[in-house]
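So you can see what is in the structure, the chains are spelled out below.
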Amino acid sequence: TGLLCEVYDPRSPGLAADIELDDAYRDQQVRPDGLDFVVESADQVQEDGPAVILEVTDLLEPYRLVTPAGDVVAELPGVESETWLARVVPDASGTEWRFG
């Protein structure tokens, strides 16, 4: 969960959704293994005040859900390449970007 806070602005709706998914995995006593997002492209399409809108094309590689002992309980197919818009905002220091 701490790593999610490094990539999301605290007010981002994406942060709440990913924390909810993380909590569901914990409730099931599993964790993702081999969870790799591949960014194929990211292009700036708009500025919105201090925020920037990016058009991102990425994919999620196949991954597994494993128990604390390392037993594989599910093999998930990932997500094929898709394009979406991302709103990024500067962090409080103004030196890094977060998903907003």
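Residues numbered from 1 in each chain as written. Predicted model: local features only at pLDDT ≥ 70, side-chain atom pairs only at ≥ 80, totals over all residues. Heavy atoms only, no water.

J.: Is there a simple way to think about the pairing of strand 6 (residues 79–90) in this case?
T.: Moving residue by residue along a regular strand, the side chains alternate between the two faces of the sheet. Of the strand pairs in this sheet, strand 3 (residues 51–60) and strand 6 are connected by 8 bridges, and their pairing is antiparallel. Among the inter-strand pairings, Val-56 is bridged to a residue of strand 6, identified as Trp-84. In terms of strand pairing, strand 6 meets strand 7 (residues 97–99) through 3 bridges, oriented antiparallel. Note that in strand 7 the partner of Pro-90 across the bridge is Trp-97. From the end of strand 6 to the start of strand 7, which pair antiparallel, there are 6 residues, and Gly-94 there has a positive phi angle of about 80°. (Pairing = 2+ DSSP bridges. Helix = DSSP H or I, 4+ residues; strand = E, 2+ residues; numbered from the N terminus.)

J.: Please explain the layout of surface pockets as it appears in this structure.
T.: With a probe scaled to a water molecule rolled over the atoms, the places where space remains empty come into view. If you add up the space inside the largest pocket, you get close to 940 Å³. Together, 25 residues line the largest pocket, and Leu-4, Tyr-8, Asp-18, Leu-35 and Phe-37 are the ones closest to its centre. Elements represented by at least two residues in the lining of the largest pocket include exactly helix 1 (2–7), helix 2 (13–27), strand 2 (37–48), strand 3 and strand 6. The biggest single contributor to the lining of the largest pocket is strand 3, with 5 residues. Tallied by class, the residues present in the lining of the largest pocket amount to 20 nonpolar, 1 polar and 4 charged. (1 Å grid on protein atoms, 1.4 Å probe; cavity = no way out; pocket = protein on both sides within 12 Å on 5 of 7 lines; lining within 4 Å. Points joined across faces, edges and corners; volume = space filled by probe spheres on them. Nonpolar A, V, L, I, M, F, W, Y, C, P; charged D, E, K, R; others polar.)

Such coordinate-based values are descriptive only and should not be taken to indicate function.
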